[in-house]
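Residues per chain, in single letters:
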Amino acid sequence: MKQYVLIVDDEPDIRELLVITLSRMGLECLAAENVAEALHHLSQQNVHLCLTDMNLPDGTGLDLVTHLQRHSPETPVAVITAYGSMEGAIQALKAGAFDYVSKPVDLHRLRELVAVAIKPRPSAESKAENLKSRLLGQTTVMERLRLQIQKLARSQAPIYISGESGSGKEMVARMIHEQGARAEQPFVAVNCGAIPSELMESEFFGHRKGAFTGAVDNKPGLFQAANAGTLFLDEIADLPLSMQVKLLRAIQEKSVRPVGDSKEIAVDVRLLSATHKDLAKEVDSGRFRQDLYYRLNVIELKVPPLRDRQDDIPLLASAYLERICRECDMPPIRLNMQAIEKLKRYSFPGNVRELENVLERSFTLCDNDELSDTDILLPDLDALDNCGGDETTPTFSQEDVPDFIPESGNNLEHFLETIEKQAIVKALEDTRWNKTAAAKKLGISFRALRYRLKKLGME
């Protein structure tokens, strides 16, 4: 099947160079020197890509971006901008352009862009169905969010995903990646607030052997790991100002320099970023660079909090419980109407993440095949003295506690996991591996013990 590319540029030499380059990629090229001629071609032939200069004799490349967005939104448009003219590039991306290249045109970069743009993709219907099955919700705000994701996935524009903690920003980022042209390439997610400041440059850009004490080998950074794919920078507001400068340069130059290296490495990544903070306020306070903010926030996508879509709670709760039961290889468990109503009355400041945690806790404490409202323990609906139930609280002596404390190299989660494993093993040994008796000794339900054994990999 022939693939057609429309090339629009008023300079004959550049137009000819682009036609030759793309023809060698096996593409059928249509050439135009102005907007009117381009629109004529588009009226006669469906194209798989439009590559247009920004400045044309009778208009701009934005005119073609707008036309194709209106009449053929699935057709990607890439714009060619003057060197250093980032304002024009960002304007084009905001209008719906797929991507941009700067003059003088780097032919290697151009071929990469074109290869991504014309790559066959699943139909819009199948992508929409995939989105609906992965990003659950039937409310109007969720329908709108899925439509926005589908639209933004067609572009390579940087996207800033805003939303409260636990609202599902990383899931949204993954959906944008999976719906787009880079779906088969890596998706690399990093929490910027979890990287020690002294290791940030090495983590982002990599390092060479001997660059610093402990650099015993060459190591690629996150940009190289995400090359040709998507890099998701979560909690971007936590980046120190010194690292913000280096990140801005990497974005502008589309290249990184590993620590200890004198050469830069070209990288091709789509950047998605997120934070639960108000990034505009961080800029106003001087904690976040304005120039980096504009480069990352080309398009903002807001993820709604769970309290704005409470009618989705029954669907979400059923899906989470089904997954928990499946992962634990245990019989299905369901919520009764009283439990659902109780969940819908709660504001969920921790959003969908908190809903998952509430259901996980309720699941482990319930011995029946149905969760009632009394099984659902919520902070502002239940008194703290009712949280323990009527089961015996387990007690352990000093010798039950592991002989280390969470210092450098031992994080709190690992520390608590170790305590939990040792307590379970001791209870099982004391009861000669009778799980029912061990659960009673630990003061938890049999289901809770089975769940913990599965989750801790102790089966």
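Below is a summary of the structure that appears in this document. Keep in mind that this is a model prediction, so the values were computed, not measured. (Residues numbered from 1 in each chain as written. Predicted model: local features only at pLDDT ≥ 70, side-chain atom pairs only at ≥ 80, totals over all residues. Heavy atoms only, no water.)

**Focus on the layout of surface pockets**
One number sums up the size of the largest pocket: a volume of about 900 Å³. In terms of lining residues, the largest pocket is bounded by 36 residues, among which Y100, R109, Q252, E253 and K254 are the most central. Of all the secondary structure elements, the ones that give two or more residues to the lining of the largest pocket are α4 (86-95), β7 (99-102), α5 (107-117), α11 (241-253) and β13 (270-275). Counted by class, the lining of the largest pocket contains 18 nonpolar, seven polar and 11 charged residues. Volume-wise, the second largest pocket comes out at about 680 Å³. Along the wall of the second largest pocket there are 30 residues; nearest its centre are G168, M171, Y320, V352 and E356. Where the lining of the second largest pocket is concerned, the elements lending two or more residues are α6 (124-134), α7 (140-153), α8 (169-179), α14 (313-327) and α16 (351-365). Here the element with the most residues in the lining of the second largest pocket is α14; it accounts for six residues. Grouping the constituent residues of the lining of the second largest pocket by class yields 12 nonpolar, six polar and 12 charged. (1 Å grid on protein atoms, 1.4 Å probe; cavity = no way out; pocket = protein on both sides within 12 Å on 5 of 7 lines; lining within 4 Å. Points joined across faces, edges and corners; volume = space filled by probe spheres on them. Helix = DSSP H or I, 4+ residues; strand = E, 2+ residues; numbered from the N terminus. Nonpolar A, V, L, I, M, F, W, Y, C, P; charged D, E, K, R; others polar.)

**Brief notes about the sheet that holds strand β1 (residues 4-8)**
Here five strands make up an open sheet; going across it, the order is β2-β1-β3-β6-β7 and the pairing parallel. Only two strands of the sheet have a single partner each, and these edge strands are β2 (28-32) and β7. When strand polarity is set aside, the average angle formed by the axes of neighbouring strands in this sheet is 20°. Bridge count for β1 against strand β3 (residues 49-53) is four bridges, and the pairing is parallel. Across the sheet, residue I7 finds its bridge partner in β3, namely L51. Here helix α2 (residues 35-44) sits on the sheet and contacts β1 and β2; the angle it forms with β2, its principal contact strand, is near 145°. The strands that α5 touches are β3, β6 (77-81) and β7; relative to β7, the one it contacts most, it runs at about 165°. (Pairing = 2+ DSSP bridges. Axes fitted to C-alpha atoms, helices over the stretch in contact; angles between N-to-C directions. Contact = heavy atoms within 4.5 Å.)

**What about the environment of I324?**
Relative to the helices and strands, I324 is located in helix α14. A relative accessible area of 3% means that I324 is categorised as buried. Residues I324 and Y451 lie 127 residues apart in sequence; the distance between their C-alpha atoms is 8.8 Å. Once you skip the residues sitting within four places of it in the chain, I324 turns out to touch L359, E360, F363 and Y451. (Buried < 20%, exposed > 50% of the residue type's maximum accessible area, 1.4 Å probe, protein only.)

**What about the pattern of salt bridges?**
For the structure shown, the criterion picks out 27 salt bridges. Here R323 and E356 are joined by a salt bridge, their closest N and O atoms 2.9 Å apart. With R323 in helix α14 and E356 in helix α16, this residue pair connects regions lying 33 residues apart in the sequence. (Salt bridge = Lys/Arg side-chain N within 4 Å of Asp/Glu carboxyl O.)

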